[in-house]
Amino acid sequence: MDDWKPRTRAAHGGTRRSQYGEVSEAIFLTQGFVYDSAEQAEARFLESGPDEFIYARYGNPTVRMFEERLAGIEGTEDGFAAASGMAAVNAVLMAATRPGDRIVAARALFGSCLYILEWLRGFGVEVVLVDGTSAEDWRAALTEGTSLVFLETIANPTLEVIDIALVAELAHAVGALLVVDNTFATPVGASAAAAGADVVIYSSTKHIDGGGRGLGGVVLGSEDFIRGTYEPYAKHTGAALSPFNAWMHLKGLETLDLRVRAMAESASRIADALAGHGAFARMIYPGRADHPQHAAVARQMDHGGTMLALDLAGGKAAAFRFLDALHIPVISNNLGDAKSIVTHPATTTHQRLPDEQKQLLGITPGLVRLSVGLEDSDDLIADIEAALAVI
Ligand SMILES: *Cc1c(COP(=O)(O)O)cnc(C)c1O
């Protein structure tokens, strides 16, 4: 089992069977667990073994299967699930930070992550934001006394890619913990842990669910971090993943590799078909050789991802006409779904960001984010080309 490859772990990792020997993993929809005796209850509160549970906020067999399966795929010792990706980010930052600490983070972050960092500033935490694609910026910011480094491997929505190995080396040289949100890259052919991250976070709401059904999140890391630092905070603050969502995401892991590879291949075909189209000011796809961080992509991922950013030269009016003319991708703000999704970040997910921030992050009025789904790529290319012809 120790030498199983990720795809084998995705089908079998973490499986716990009840006395009925079910093939498909059971949903243990229970909050509590019965003890055989008062003595057993006392012993379990003192110390619980791997198959001994106390309360669903602390752990649940279905949730545990999901945590162990994903930790096995990523290649970390342990994992702990959360009710959503943001619950996971929040709990990691809160559990690992004390007043007076110094956090260095890449500035191109999911809006809610920036909100939490801002909140920590209010508790006397120093937060320094850098251009995540600049080695000089990281070198200058990662000084002695930095306790935690936080970044998203592929930034939303402009798809900048951060070199995890480079940041890991600089972070570890000053004794800082490197926390990586690897949601956009997915664990398929892109282990952030293998590249040097100490703690890896996934919003399982995205590709791991893959069908746009339910929220979930996971924190992966060493046993020491998960049990020593993370679990005490997480289990007392209550953002536990529901066993039903854990089961959906557990089953999602079985097909994750196939789905992500198919979506990435389709995204790559779309990017090649659209490259050089006159409607774009920029077309960004991490898998293409013309992506500014292509070398980092090639080093840490074996696919180019499932997302494209299309910056329409005609600005907001062109972007809206493009979205409205599409027949296959739906207009929404999720990603990683079987259905292709288009988003206009400047007026939705990033609407509240001040204009100068938008400019700094490259969120132009013409920018459209495309999450490529599982549809036939020929159909998607035809639909996109027809919509571009309308504008
Ligand atoms: C969606 C997302 C999150 C938040 O996850 P939720 O499950 O929506 O809470 C965090 N980070 C990234 C990169 C995301 O895409």
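Residues numbered from 1 in each chain as written. Predicted model: local features only at pLDDT ≥ 70, side-chain atom pairs only at ≥ 80, totals over all residues. Heavy atoms only, no water.

(A) A look at the layout of surface pockets. Taken as a whole, the largest pocket holds about 810 Å³ of empty space. Elements that contribute at least two residues to the lining of the largest pocket include exactly α2 (38-46), α3 (61-74), β1 (78-82) and α9 (223-237). For the lining of the largest pocket, the residue count by class is 10 nonpolar, nine polar and 15 charged. One number sums up the size of the second largest pocket: a volume of about 450 Å³. Lining the second largest pocket we find 20 residues, and of these Phe 110, Gly 111, Ser 112, Leu 114 and Leu 353 sit closest to its centre. (1 Å grid on protein atoms, 1.4 Å probe; cavity = no way out; pocket = protein on both sides within 12 Å on 5 of 7 lines; lining within 4 Å. Points joined across faces, edges and corners; volume = space filled by probe spheres on them. Helix = DSSP H or I, 4+ residues; strand = E, 2+ residues; numbered from the N terminus. Nonpolar A, V, L, I, M, F, W, Y, C, P; charged D, E, K, R; others polar.)

(B) Structural context of the pattern of salt bridges. Under the defined criterion, the tally for this structure stands at 24 salt bridges. Here Glu 25 ties to Arg 69 by a salt bridge, and the two come within 2.8 Å at their closest N and O atoms. Taken together, the positions of Glu 25 in the loop between α1 (6-12) and α2 and Arg 69 in helix α3 put the pair 44 residues apart, joining distant regions of the chain. Exposure remark for Arg 69: the relative accessible area of 0% places this residue in the buried category. A salt bridge links Lys 251 to Glu 254, with the shortest nitrogen-to-oxygen separation between them at 3.2 Å. (Salt bridge = Lys/Arg side-chain N within 4 Å of Asp/Glu carboxyl O. Buried < 20%, exposed > 50% of the residue type's maximum accessible area, 1.4 Å probe, protein only.)

(C) Summary view of the sheet that holds strand β12 (residues 367-371). Taking strand neighbours across the sheet as the criterion, the five strands line up as β8-β9-β12-β11-β10 in an open arrangement whose pairing is mixed. Among the strands making up the open sheet, the edge pair consists of β8 (280-284) and β10 (330-331). With two bridges connecting them, β10 and strand β11 (residues 341-343) associate as parallel partners. Bridge pairing in β11 links Val 330 to Ile 341. Packed onto the sheet, helix α12 (residues 315-325) meets β9 (307-312), β10, β11 and β12 and runs at close to 130° relative to β9. (Pairing = 2+ DSSP bridges. Contact = heavy atoms within 4.5 Å. Axes fitted to C-alpha atoms, helices over the stretch in contact; angles between N-to-C directions.)

(D) Examining the site of the ligand more closely. Taken together, Ser 84, Gly 85, Met 86, Phe 110, Glu 152, Asp 181, Thr 183, Phe 184, Ser 203, Thr 205, Lys 206 and Gly 216 are the residues near the ligand. A distance of 2.6 Å separates an oxygen atom of the ligand from a polar atom in the side chain of Thr 205. Protein chains shield 92% of the accessible area of the ligand, which is 380 Å² for the free molecule. (Near = heavy atom within 4 Å. Polar contact = N/O pair within 3.5 Å; in protein donor to acceptor, adjacent residues only side chain to side chain. Areas by Shrake-Rupley, 256 points an atom, 1.4 Å probe, with all protein chains shown as cover.)

(E) Up close: the domain arrangement of the protein. Domain annotation for the protein reports domain 1 (6-252) and domain 2 (257-390). Listed as interface residues are 31 residues of domain 1 and, on the opposing side, 33 residues of domain 2. Between domain 1 and domain 2 lies a buried interface of about 2800 Å² when both sides are counted; carbon and sulfur atoms form 60% of it. Applying the counting rule to domain 1 against domain 2 returns two salt bridges. Between Asp 163 and Arg 299 there is a salt bridge, and its shortest N-O distance comes to 2.6 Å. At the boundary of domain 1 with domain 2, the tally comes to 14 residue pairs in polar contact (both at pLDDT 80 or more). Partitioned by chemical class, the residues of the side of domain 1 that touches domain 2 number 13 nonpolar, 12 polar and six charged. (Domains from an automatic or database assignment. Buried area = accessible area lost by both parts, 1.4 Å probe.)

(F) Layout of the packing of aromatic side chains. On inspection of all chains with the given rule, the structure shows seven aromatic pairs. Look at Tyr 55 and Tyr 58: their rings are 6.4 Å apart centre to centre, the planes differ by 85°, and that puts the pair in the edge-to-face class. Judged by relative accessible area, which is 39%, Tyr 55 ranks as partly exposed. Taken together through their ring pairs, the aromatic side chains of Phe 80, Phe 225 and Tyr 230 make up a single cluster. The side chain of Lys 235 reaches across the aromatic face of Tyr 58, ending 4.8 Å from its centre. (Phe/Tyr/Trp six-rings, centres within 6.5 Å; stacked < 30°, edge-to-face > 60°. Lys NZ or Arg CZ within 6 Å of the ring centre and 35° of its normal.)

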